[in-house]
Amino acid sequence: MEKATHETLRHEIEDAVRLAREKNPLAPSITNTVTVNVVANAQLAVGGSAAMIYLPDEGETMAEVGDAMYINMGTLFPVYAETLPRTAKALSRQGKPWVVDPVGIGTGGLRTSLLLGFRAEKPTIIRGNASEIIALARLWELCGGNAGVRGVDATDTVEEARPAAIALARHTGGAVAVSGVVDLVTDGKVMARAEGGSKFLSMITGGGCSLGGVTAVYACVAAPFVAALTATAIYNFAGVKAEKRAEGPASFQTAFLDTLYRATPEDVSAQPFTLESVEKEEGHR
Amino acid sequence: MEKATHETLRHEIEDAVRLAREKNPLAPSITNTVTVNVVANAQLAVGGSAAMIYLPDEGETMAEVGDAMYINMGTLFPVYAETLPRTAKALSRQGKPWVVDPVGIGTGGLRTSLLLGFRAEKPTIIRGNASEIIALARLWELCGGNAGVRGVDATDTVEEARPAAIALARHTGGAVAVSGVVDLVTDGKVMARAEGGSKFLSMITGGGCSLGGVTAVYACVAAPFVAALTATAIYNFAGVKAEKRAEGPASFQTAFLDTLYRATPEDVSAQPFTLESVEKEEGHR
Amino acid sequence: MEKATHETLRHEIEDAVRLAREKNPLAPSITNTVTVNVVANAQLAVGGSAAMIYLPDEGETMAEVGDAMYINMGTLFPVYAETLPRTAKALSRQGKPWVVDPVGIGTGGLRTSLLLGFRAEKPTIIRGNASEIIALARLWELCGGNAGVRGVDATDTVEEARPAAIALARHTGGAVAVSGVVDLVTDGKVMARAEGGSKFLSMITGGGCSLGGVTAVYACVAAPFVAALTATAIYNFAGVKAEKRAEGPASFQTAFLDTLYRATPEDVSAQPFTLESVEKEEGHR
C-alpha cells in the first residue's frame, strides 16, 4: 500500500508543479521586510503571482482575490494587531488555504497574542524550523514544556519536533512542515521524511520564509499535504543543484532561484522521500 | 518632420543618460518594501542618488532637497495617509517633477483615497502596466468602465491602455508610460512606441518599480516625456542584453543591473522607437 | 611600541573573525527596509546570527537575548519613537555593546530627536560616512558648525571627519568608524587608517549599512575598537577581491558576499592599516 501511496503522491507532486506554472495562481503575503523580496521572487520562479500588503482591509481583499495566502510573523508592525486577525478570519470565512510561518515565536507580546489567536482559525499549513514548531505546539497547549527564543534559528532537531508537528496537524486538520537537515511533512496521519537542500539555505536569509511563500503557491493548486511536500521537494532539489555551482551564499541564492525557475515536474517528483503511518503515534509528549 | 523629432529625441535621450551620470542627481522615493532595494540599486546604477523615507516631514524635506521624487503605491503603511498628501503638496508647491506608480490600484480604501488625492496634484509622470493605467484613468473619471484587481500583474494589453494614457497625460500636462511587451510613452500629443526588454522583467519582482525609480532619476535632468522615454529605452536595452546571459530570473537580475550600469548614452539612444501624433485622437473611450 | 600594538591588533582581528564563525553570536538589528536583507546576509556571511525587529518590547527582548545590537536610522517608522529609546535604555542597562549608524541625520524631526536621545545612552560604536559623523558630533555639540543633508551620501571627506570622530569616541568611551576611500577607526586615543574596498561599495545600496551590521557581529566577540577595525578590514579585503570579478554593481554584490563568507582570519588580519596616537589631538574644531 505504501508503494501505491508513494506513486500517487509523486503524481500529485508533478501535478502541483505543473499547475502552478500553468495557472499562475495568486498567493498574496503578509511577510517580513527582511526577506519579502526573496519570497516574491521565489513565488514567481515557481509560476505563482505575488502581492504583499500590510493594511487590514487589504488583507481582507487579498483573502478574497487570492487563491491561497501566506502569513509570516517575522517583522511585526503595530498595524498587524488589526491586519492579521481580520485577514485570518476572512481566510477562514472563505475557506481559502493559508500558510503560517511562526518566525520569531516567543519574542514580544504582539507575536504571542496573534499566534494565540490563530489557534481557533486553524491555518491550513504551518511551516517552521524545529524550534518554531515545538514552540507553537506549546503555545497552543498541544505539547508540554517551554520553548526558548534565539533569533530565528533552530536550536532543536527536527526529530524533537515530530510529536509537535503531529499534534499541530491534528489540531488544524491541515499539514505541518518542519525544515532542517531532514524535513518532516505530516497531516497527522502520515509522516513524510525528505532530505536534500543545502547548508547554504541556512546561511542566507529567506530560505525558510520563501519556502513558506512557495508552499502557499502550491496550496493554490494542491491539497495541503501535497502542497507542503511539493514545496519541500523543490527546495531540496534546487538546494542540491545550486550548491554545486555556488562559491558562497550569494552565488548560491542566485543559482537557487534560477533552479526553482527551471525545475520540471519530473525533477521535483523524483526527489526521494519516505512515508510512514503515524496514526498510532501520540501527537504530543 | 517626424525624422527631425526622432533625431532631436535621440539627442535628448543621450543627454539624459549622460547628465544623470555626471550630475548624480538625488531622486528620493516613497516606495514599497518588496522592491525598495532593487529601486535604489537601479537608481544608483544609472548614476542617480537614492533616499527612501516613510514619515510626513521627511517627505516634505525630500521634496525640497531632491531633484525629483518617486512615489510607488505598492505596500502602504498607515502613516502614508499623512505622508503622501503632504509630500505631493510639497512637490507641487516646489514645482519638482515627481513620478507616480499606482501599483495595486483598486486594493484597499487608503490606496484609492490617496490616488484620488493625486488627481488635483497632477504627478509629472505616471508609470504603470496597462491595467494600472486604465484603472487610474477610470478612478480619475477620465475614462469609463471599471478596472479589475489582481495582484500587481497586468491583465489588459498595452494597446487597450492607449486612450487612458493619452487622457492621463492631457490631464496632468506631463507624461505617461505604459510598460508591456510593447511600451507606450505619451505626453498627450505624441505617442512613442518601443520594444525590447525581456520576459524575465515580469518574472522578477521590481522590474516595474525600479523603472519608476529610474524614470525619476532622468526626470531630474530631462523633460518628462524625454525622461520617461529614456528610462523605457535603457530598460529595453538592458533587458535584451541581460536575457542573453541569464539562466533564470535571478541571474537575469544581476546581469540586468550590471548592464544598466554599463550602458552608454549611445547604447540607449540607439534603441528603436516609433513616434506618431495623437493630437486628433480621443484620450478616452 | 607601535609595532607591538600592530602585532597585538592583528591577533585580535584574527580572533574576532574566528570567534564570530565559531560562536555564531546573535546581533539583532533595528534597521532600514532598503538594505535589511543585505545587512542580514552580511551578518550571516561572517558567521553571525540575525534578527530584525520594529516593536518596542521586541527591542527590549533583543537587547537581552542578543550579544550585541545594531541600530540603523535609515527608514524611520512612527513606532521608532518608542522602540529606539526603550531599546537603547535596555542596552545601556544590560551593558550590551551596540552600534549606531546615523544614516539620514539632519532629515526629519524624529531622527533628530532620537539621535539627540542617544547622546546620553552613549552607543558603543558609531559608524558612518564622513558627513554623518560630522553631523552627529555637531548635533551632540561636540564640534561647531552645521551639517548639510543630501540623501545618504558623503559630501565631506574622511579627513574632515577626523576631529568629529575623535570627539564622539571620547564622549562615548567606545569606538567610531568613518568609511570612505580611506577609513578611520578611533577610540579617542589611537587612530587607525585603512584602505581597500571598492568603488562599487558606494554604487550599491547597503555597503555602509551592512558594514554596521557586521561590526555588531564582531562587537559580540571583541572590544569595540577591535570590532570596528575588524569589520573595516574584512570589508576592505572583500571589496578589493570582489571588484576583480565584477562586471557591474550587481555581480560585485554577489562576489562581495561570497568573499565575506570565504575570508579567513589571516586574510582579514593581513589587510594593511596604520596606527597613530591622537591623545594630544583636539577632538573638535
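Quick caveat: nothing in here was measured; it's all calculated off a predicted structure.

A. A look at the sheet that holds strand S8 (residues 273-277) of chain B. Residue and element names in this part refer to chain B. The strand order across the open sheet formed by 8 strands is S1-S2-S3-S4-S5-S6-S7-S8, and the pairing between neighbours is mixed. The sheet terminates laterally at strand S1 (29-30) and S8, the two strands that pair on one side only. Running at roughly 150° to strand S2 (residues 69-72), helix H4 (residues 80-94) makes contact with S1, S2 and strand S3 (98-101) of the sheet.

B. Up close: the sheet that holds strand S6 (residues 182-186) of chain C. Residues and elements named next belong to chain C. Reading across the sheet, the 8 strands line up as S1-S2-S3-S4-S5-S6-S7-S8 and stay open at both edges, with mixed pairing between neighbours. A strand with exactly one partner marks an edge of an open sheet, and here the two such strands are strand S1 (29-30) and strand S8 (273-277). Set on the sheet, helix H6 (residues 130-139) makes contact with strand S3 (98-101), strand S4 (125-129) and strand S5 (175-179); between it and S4 the angle comes to about 125°.

C. The environment of Ala246 of chain B, seen in detail. Residues and elements named next belong to chain B. Mapped onto the fold, Ala246 is located in the loop between helix H9 (224-245) and helix H10 (249-262). Along the chain, Ala246 and Phe200 lie 46 residues apart, while their C-alpha atoms are 9.0 Å from each other. Setting aside chain neighbours within four positions, we find Ala246 in contact with Phe200, Ser251 and Phe252.

D. A look at the interface of chain C and chain B. In this assembly, 31 residues from chain C lie in contact with 28 residues from chain B. The tally of links between chain C and chain B comes to 2 salt bridges. A salt bridge links Glu58 of chain B to Arg111 of chain C; its shortest N-O distance comes to 3.2 Å. There are 9 residue pairs in polar contact (both at pLDDT 80 or more) connecting chain C and chain B. Elements that contribute at least two residues to the side of chain C that touches chain B include exactly helix H5 (109-121) and helix H10 (249-262) of chain C. In terms of residue count, the dominant contributor to the side of chain C that touches chain B is H10 of chain C (5 residues). Grouping the constituent residues of the side of chain C that touches chain B by class yields 12 nonpolar, 14 polar and 5 charged.

E. Structural detail: the interface of chain B and chain A. The partner chain A presents 28 residues to the 31 residues of chain B that form the contact. Taken over both partners, the interface formed by chain B and chain A buries close to 2300 Å², and the fraction arising from carbon and sulfur atoms is 59%. Connecting chain B to chain A are 2 salt bridges. Taken together, the links from chain B to chain A amount to 9 residue pairs in polar contact (both at pLDDT 80 or more).

F. Here's a closer look at the confidence of the model for chain A. Residues and elements named next belong to chain A. Here chain A shows a mean pLDDT of 94. Residues at 70 or above account for 93%. Here residues 146-151 scores under 50 on pLDDT; set against residues more than four positions off or in separate chains, the count is 15 contacts. Confidence metrics for the complex model read pTM 0.95 and ipTM 0.94.

G. Examining the relation of the copies chain C and chain B more closely. Superposition record for chain C on chain B: RMSD 0.0 Å, screw rotation 120°, translation along axis 0.0 Å. Taken together, the turn and the small shift mark the pair as related by a three-fold rotation axis. Residue Thr33 of chain C, judged by its C-alpha, is the member of chain C lying nearest the rotation axis, at 3.6 Å. Little of the interface of chain C is mirrored in chain B, where only 10% of its interface residues again form contacts.

H. A look at the pairing of strand S4 (residues 125-129) of chain B. All names here are of chain B. Counting buried positions along S4 gives 5 out of 5 residues, so the element sits mostly inside the fold. Burial along S4 is two-sided: the face carrying Ile125, Arg127 and Asn129 and the face carrying Ile126 and Gly128 are both buried. Note: S3 against S4, 2 bridges, orientation parallel. The residue bridging Val100 from the neighbouring strand is Ile126, located in S4. Handedness of the crossover is the feature at issue here: the chain leaves S3, passes through helix H5 (residues 109-121), returns alongside S4, and the resulting connection is right-handed. Where S4 meets strand S5 (residues 175-179), 5 bridges bridge the pair, whose relative direction is parallel. Of the residues in S5, the one forming a bridge with Arg127 is Ala177.

I. Local environment of the pattern of salt bridges. Evaluated as defined, the whole model comprises 30 salt bridges over all chains. For Arg18 of chain A, the salt bridge is made with Glu22 of chain A, and the minimal N-O distance between the two is 3.2 Å. Placement of both Arg18 of chain A and Glu22 of chain A in helix H1 (residues 2-23) is noted, with a separation of 4 residues, approximately one turn of the helix. Where Arg86 of chain B meets Glu60 of chain B, a salt bridge forms, and the shortest distance between an N and an O atom there is 2.9 Å. On the criterion of sequence distance, the pair formed by Arg86 of chain B in helix H4 and Glu60 of chain B in helix H3 (residues 56-65) is long-range, its members being 26 residues apart. The class for Arg86 of chain B is partly exposed, based on a relative accessible area of 29%. Counted as one network, the salt bridges with shared partners bring together Asp15, Arg18 and Glu22 of chain A.

J. How the structure looks around the nonpolar core. Counting 150 residues, the largest nonpolar core has Tyr80 and Phe118 of chain A, Tyr80 and Phe118 of chain B together with Tyr80 and Phe118 of chain C as its most contacted members. Beyond its immediate chain neighbours, meaning those up to four positions away, Phe118 of chain C contacts Ile71, Met73, Leu84, Ala88, Trp98, Val100, Pro123 and Trp140 of chain C. In this structure, Val17, Tyr70, Cys220 and Phe256 of chain A belong to the second largest nonpolar core, which totals 62 residues.

K. Focus on helix H9 (residues 224-245) of chain A. Compared with the 32 Å implied by 1.5 Å per residue over 22 residues, the 32 Å span of H9 of chain A between its first and last C-alpha is a close match. In terms of burial, H9 of chain A is a largely internal element, 16 of the 22 residues being buried.

Rules used throughout
- Residues numbered from 1 in each chain as written.
- Chains lettered and ligands numbered in written order.
- Predicted model: local features only at pLDDT ≥ 70, side-chain atom pairs only at ≥ 80, totals over all residues.
- Heavy atoms only, no water.
- Pairing = 2+ DSSP bridges.
- Helix = DSSP H or I, 4+ residues; strand = E, 2+ residues; numbered from the N terminus.
- Contact = heavy atoms within 4.5 Å.
- Axes fitted to C-alpha atoms, helices over the stretch in contact; angles between N-to-C directions.
- Salt bridge = Lys/Arg side-chain N within 4 Å of Asp/Glu carboxyl O.
- Polar contact = N/O pair within 3.5 Å; in protein donor to acceptor, adjacent residues only side chain to side chain.
- Nonpolar A, V, L, I, M, F, W, Y, C, P; charged D, E, K, R; others polar.
- Buried area = accessible area lost by both parts, 1.4 Å probe.
- pLDDT = per-residue confidence, 0-100.
- Least-squares fit on C-alpha atoms with pLDDT ≥ 70 in both.
- Buried < 20%, exposed > 50% of the residue type's maximum accessible area, 1.4 Å probe, protein only.
- Right-handed = clockwise from strand over helix to strand, strands pointing away.
- Core = buried A, V, L, I, M, F, W, Y, C linked by side-chain atoms within 4.5 Å.
- Expected span 1.5 Å × (residues − 1).

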